[in-house]
Amino acid sequence: MRRLATITGAAFVALVLAPLVSSGAGHAQDGSGLTITPAAPPKARTGHVPLSSAKDEANRPIRILVFGDSLTEGYGLPPDQGLVAQLQRWLDAQGADAQAINAGLTGDTSYGGRIRIKWALRHRPDAVVVELGANDFLMGWALPDIEKNLDVIIRQAKAGGRPVLLVGITPPKTMQGISPDDIAAMWHRLAARHETLLLPDLYAPVWAASGPKTGAGAAEHLQKDGLHLSAKGVEQAIAQGLGPQVLALIAKTRAQNEKDRAGP
């Protein structure tokens, strides 16, 4: 196995105020929140690929950049219980030959992501998962501005034909004058505009398992701040939502790679 890498209005404050946490032992971190699985980078592609190299290229693991905020980084959890670490184990259990790269940064916004996406892409992923926007809602940013930032992020993530999975987070009630319906509509617009895969709400499986969003059953799926997912919450979110979508992303990526190798 490869080594890795209830939302209420008041609770959303934790996304901005939570301290930046270390990714923990066994991970490499270079100061900007990007944590990667120790692995050699793939060789650069050229116009002519020898048969042996082409075979190696076809068989190597799919590299997936998981780009987001504290929910991606794994805030408040041991390194092996964070979202990306658990996602990696889930993919391994499914027999998916893929390597997850943790590019989560606590407190990040869509604007911050817009600035650092190019830098994160230097690791040459085959596909990208984008999970950003929750902090923006708290700060009262206008929805059109958030959407514009996400437009830029997705456009850059897709450069060169990379498949993208957009992961939304939808607050359970109106925040700073922005309704959940308007937020959900934004995720769908972005996915349709850029032809990406979409998971409209990362937390949906957790609420489904816990009952009403304000019910006591949600406690075991959330940390004490009532916002960030607990280890059990991460497990639920992956098994019932994120994981299957990432499998679809991997399948789409392999199909795209095969098409690229076949040529015109």
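Conventions and cut-offs
Residues numbered from 1 in each chain as written. Predicted model: local features only at pLDDT ≥ 70, side-chain atom pairs only at ≥ 80, totals over all residues. Heavy atoms only, no water. Helix = DSSP H or I, 4+ residues; strand = E, 2+ residues; numbered from the N terminus. Buried < 20%, exposed > 50% of the residue type's maximum accessible area, 1.4 Å probe, protein only. Salt bridge = Lys/Arg side-chain N within 4 Å of Asp/Glu carboxyl O. Expected span 1.5 Å × (residues − 1). Arc of directions from axis to C-beta. Polar contact = N/O pair within 3.5 Å; in protein donor to acceptor, adjacent residues only side chain to side chain. pLDDT = per-residue confidence, 0-100. Contact = heavy atoms within 4.5 Å. Axes fitted to C-alpha atoms, helices over the stretch in contact; angles between N-to-C directions. Parallel < 35°, antiparallel > 145°, perpendicular 65-115°, else oblique. Left-handed = near helix turned anticlockwise from the far one by under 90°. Nonpolar A, V, L, I, M, F, W, Y, C, P; charged D, E, K, R; others polar. Pairing = 2+ DSSP bridges.

K.L.:
Just give me the short version of the overall build of the protein, but keep the residues and values in it.
P.N.:
Helix and strand counts for the protein come out as 10 helices and seven strands. Looking at the protein as a whole, 52% of its 264 residues qualify as buried.

K.L.:
Give me the pattern of salt bridges: which residues, what numbers.
P.N.:
Inspection of the entire model under this criterion finds six salt bridges. Of the charged contacts in the structure, one is a salt bridge between Glu147 and Arg189, with a shortest N-O distance of 2.7 Å. One end of the pair, Glu147, is in helix 7 (residues 143-157); the other, Arg189, is in helix 8 (residues 180-194), with 42 residues separating them in the sequence. Owing to a relative accessible area of 36%, Arg189 belongs among the partly exposed residues under this scheme. With a shortest N-O distance of 2.9 Å, Asp151 and Arg193 are connected by a salt bridge. Separated by 42 residues along the polypeptide, Asp151 in helix 7 and Arg193 in helix 8 bring together distant segments of the chain. Given the relative accessible area of 12%, Asp151 is considered buried. Each of Glu147, Asp151, Arg189 and Arg193 takes part in a single network of salt bridges with overlapping partners.

K.L.:
How would you summarise helix 8 if you had to cite specific residues and measurements?
P.N.:
Given a rise of 1.5 Å per residue, 15 residues ought to cover 21 Å, and the 22 Å separating the end C-alpha atoms of helix 8 matches this to within 8%. Of all the positions in helix 8, only Pro180, Ile183, Met186, Trp187, Leu190, Ala191 and His194 are classed as buried. Across the axial projection of helix 8, the buried residues extend over an arc of 125°, all falling on one side. Facing away from the buried side of helix 8 by over 90 degrees, the exposed positions are Asp181 and Ala192. Glu195 sits one or two residues past helix 8 and shows a positive phi near 55°.

K.L.:
Explain the side chain of Gln99 to me, and be specific about the residues and the numbers.
P.N.:
Checked against the element boundaries, Gln99 lands in strand 4 (residues 98-104). One polar contact links Gln99 to Arg63, side chain to side chain, over a distance of 3.1 Å.

K.L.:
Can you tell me about the confidence of the model for the protein, naming the residues and giving the values?
P.N.:
Looking at the protein, pLDDT values average 81 and 75% of them are 70 or higher. pLDDT under 50 marks residues 1-52. Its contacts with residues more than four places away, or in other chains, come to 133 contacts.

K.L.:
If you had to explain the packing of helix 5 (residues 110-120) against helix 7 to someone new, which residues and values would you point to?
P.N.:
Two elements in contact, helix 5 and helix 7, have axes separated by 8 Å at closest approach and are oriented at 20°. Considering their axes alone, helix 5 and helix 7 lie roughly parallel with respect to each other. The element helix 5 and its partner helix 7 pack so that their crossing is left-handed. Between helix 5, through Ser110, Tyr111, Gly113, Arg114, Ile117 and Lys118, and helix 7, the contact on the second element is made entirely by Ile146, Lys148, Asn149, Leu150, Val152, Ile153 and Gln156. Looking at the contact of helix 5 with helix 7 residue by residue, the class counts come to six nonpolar, four polar and three charged.

K.L.:
I'd love a proper account of the pairing of strand 3 (residues 62-68), names of residues and values included.
P.N.:
Of all seven residues in strand 3, seven are buried, a share of seventy percent or more. Residues Ile62, Ile64, Val66 and Gly68 line one face of strand 3 and the alternating positions Arg63, Leu65 and Phe67 line the opposite face, and both faces are buried. Of the strand pairs in this sheet, strand 3 and strand 4 are connected by seven bridges, and their pairing is parallel. What sits directly across from Gly68, in strand 4, is Gly104. Where strand 3 and strand 5 (residues 127-131) come together, five bridges link them in parallel fashion.

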